[in-house]
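Letter by letter, the chains look like this.
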Amino acid sequence: MKLYKGIYISMAAAAILCSCSKEDPFPDGAEYDGPVGQILTSCLAPSLTNEEYLAATRATAPAADDFTVEIRKAGSDNVYKTYRYAEMPEMLTLPVASYTVRAYHGDNKDAAWEEPYFHGETSFDIKANTITDDVEPIVAKFSNIRVTIVFDPALKAMMSADTKVTVKAGEAGSMEFAADEARSAYFRYVDNSQTLTATISGIVDGSQISETKGYENVAPGNHYKITFRMHNASEDAPGNIEGGVKVDASVEEVNMNVTVDGEEDEEDEVIADDMRPVQGGSTEPDPGPGGGDETPDQPGGEAPKAEALKPDPNGEYKDFDTLNLEGVNIITDHLYAAWKVVSEAEGGFTGFKVVIDSETLPPSELGGVGLAEELDLVNPGEFEEALEGLGFPVNIGGKTEAEFDITTFLTLLGALGPGDSRFIMTITDANGTTELTLTLRQQ
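**Q** Go over the packing of aromatic side chains, please, and point to the residues and values.
**A** This model, assessed by the stated rule, comprises 16 aromatic pairs. A centroid spacing of 5.6 Å and a plane angle of 40° characterise the contact between Phe-352 and Phe-404, whose relative ring orientation is tilted. With Phe-352 in strand S26 (residues 349-358) and Phe-404 in strand S28 (residues 401-405), this residue pair connects regions lying 52 residues apart in the sequence. For the pair Phe-352 and Phe-404, one class covers both residues: buried.

So this is what it looks like as structure tokens:
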């Protein structure tokens, strides 16, 4: 899997000298007759560096204006002044001293759905009768822990509806993922508490299972995508053994604070069942799925892969922009929304599910355009005609390639008002499973 590479998001203007039309009364009406200086608040504008977050979560990037800014005297834990950045005066007047400033967005809860937390700090000095206009920028990084649970389709088909995964992180963070939960949970990072556990429990293939897997190197700013799947009996992989049923797990770890540096994409770290059983599971050493194979998700070769299709230089969309399958696509009148998916496995595609997660086309509205929240491109049923009309291939079981072109569908999405629409595709063949998320944004 590829490490998401995106763009550096500039959320505020660079520090510039500006007029002193607004000046902060100091200090909050209290009397002070000591030496003071000033700082341009444009110097304290937080900026965000976080491509994976933008590409793969339903939330939108927080704006600089919405950050909370706390100012402290250096070495002190007491907050001297607090502002919402949008409400700060153009210039602050402060006593001569050294200061630290902290900018943050979010509540940093022990555990919550879709609530990322961003945090950054810098420091500056105030000198008497001087305007400070050059400060090390505040780079606000994603600073809690993101967890997503994925069930392989083969396992999901054998699970009871009440099967769940309970994830615990830190001292008090705990969330339950139902079998149909597509959201990510966010956990507070606690120093010296670096263990993440995921307990799957329920009935699988008629047998009750309960097993806990643990990962011990949890770090803030990372996304842990935990995939559960049925154990392949031909492989010597760890798993739960109750009633003859085995379940494996693997973790994809993505650093959500990586910036563009001009280098080629690196590979994400995939921990080959480093989610070790820590309670109620196997105590044998963990060789990982496939007994140590290089690609745990792909026992027989490479899993399905996708690539954007470029406009035909002689065709209808010759001057259009190519789709970005790893980031957010802004809906415009010149976006070519076309891609293909390829299977290298014998027998081609065995499963192809599409979940539509749209702010502008919620489940209550999808029926009006002939769609449903969850669709099956192998067995489309009553949605076959509507899917074909919108540019989705159907009845693709056994095929080794499928092409999508939903460019005309963008007109409908664009007319529904601002918001994000995500198409989450789970593609399966004999080599494994790939999850692809296409994000379209109407501004």
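**Q** Give a detailed account of the sheet that holds strand S25 (residues 338-342), specifying residues and quantitative values.
**A** Read from one edge of the open sheet, 3 strands run S21-S25-S28, paired in antiparallel fashion. The open sheet is flanked by strand S21 (305-308) and S28, the only strands paired with a single partner. This sheet shows a mean twist of 20° between the axes of neighbouring strands, independent of strand direction. Bridge analysis of S25 against S28 gives 5 bridges, and the strand direction is antiparallel.

**Q** So what's going on with the sheet that holds S26? Residues and values would help.
**A** As a general point, the strands of a sheet are linked pairwise by backbone hydrogen bonds and lie either parallel or antiparallel. One open sheet accounts for 5 strands, arranged S23-S30-S29-S26-S27; its pairing is mixed. Here the strands that pair on one side only, and so sit at the sheet edges, are strand S23 (328-330) and strand S27 (374-376). Between one strand and the next, the sheet's axes are offset by a mean angle of 20°, whatever the strand orientation. As paired elements, strand S29 (residues 419-429) and strand S30 (residues 432-442) share 11 bridges and run antiparallel to each other. Paired with Met-425 across the strands is Leu-436, a residue of S30.

**Q** So what's going on with the pairing of strand S12 (residues 164-169)? Residues and values would help.
**A** Within a regular beta strand, the side chains point alternately toward one face of the sheet and then the other, so they alternate between its two faces. Where S12 meets strand S13 (residues 173-178), 6 bridges bridge the pair, whose relative direction is antiparallel. Bridge assignment links Lys-168 to a residue of S13, and that residue is Ser-174. A loop of 3 residues connects S12 with S13, the two strands running antiparallel in sequence, and Gly-170 in this loop sits at a positive phi of about 70°. Strand direction decides the pairing type here: S12 and strand S15 (residues 196-204), joined by 6 bridges, are antiparallel. Counterpart to Lys-168 in the pairing with S15 is Thr-197.

**Q** Before we move on, could you go through the nonpolar core and cite the residues and values that matter?
**A** Of all hydrophobic cores here, the largest spans 36 residues; its most connected members are Trp-339, Phe-352, Phe-423, Met-425, Leu-438 and Leu-440. Breaking this core down by element, the ones donating at least two residues are S25, S26, helix H4 (384-390), S28, helix H5 (409-415), S29 and S30. It is S26 that contributes the most residues to this core, 4 residues altogether. What Phe-423 contacts, discounting residues up to four positions off in sequence, is Val-354, Val-355, Ile-356, Phe-392, Phe-409, Leu-413, Leu-436, Thr-437, Leu-438 and Leu-440. Core analysis: the next-biggest nonpolar cluster, separate from the first, contains 28 residues, Val-165, Ala-179, Leu-196 and Val-218 among them.

Rules behind the numbers
- Going along each chain's sequence as written, the residues are numbered from 1 onward.
- The predicted nature of this model means local features are confined to residues of pLDDT at least 70 and side-chain atom pairs, given and counted, to a pLDDT of 80 or more, with totals for whole chains, interfaces and linings taken over all residues.
- Processing note: side-chain calculations cover all non-hydrogen atoms of the structure and skip hydrogens and water entirely.
- Any pair of Phe, Tyr and Trp rings, taking the six-membered ring for Trp, is counted once the centres come within 6.5 Å. Such a pair is stacked with planes under 30 degrees apart, edge-to-face with planes over 60 apart, and tilted for the rest.
- Per the convention used, a helix needs a DSSP run of H or I reaching at least four residues, while a strand needs a run of E reaching at least two, with both numbered from the N terminus.
- Burial here depends on accessible area, computed with a 1.4 Å probe over protein chains only, as a share of the maximum for the residue type. Under 20% is buried, over 50% is exposed, and the range in between is partly exposed.
- Two strands are said to pair when DSSP picks up at least two bridges between them.
- Axis definition: a line fitted to C-alpha atoms, limited for helices to the stretch in contact. Angles are taken between N-to-C directions and run from 0 to 180 degrees.
- Remark: nonpolar core denotes a set of buried residues (Ala, Val, Leu, Ile, Met, Phe, Trp, Tyr, Cys) joined through side-chain atoms within 4.5 Å.
- Throughout, a contact is declared for two residues whenever any of their heavy atoms are within 4.5 Å.

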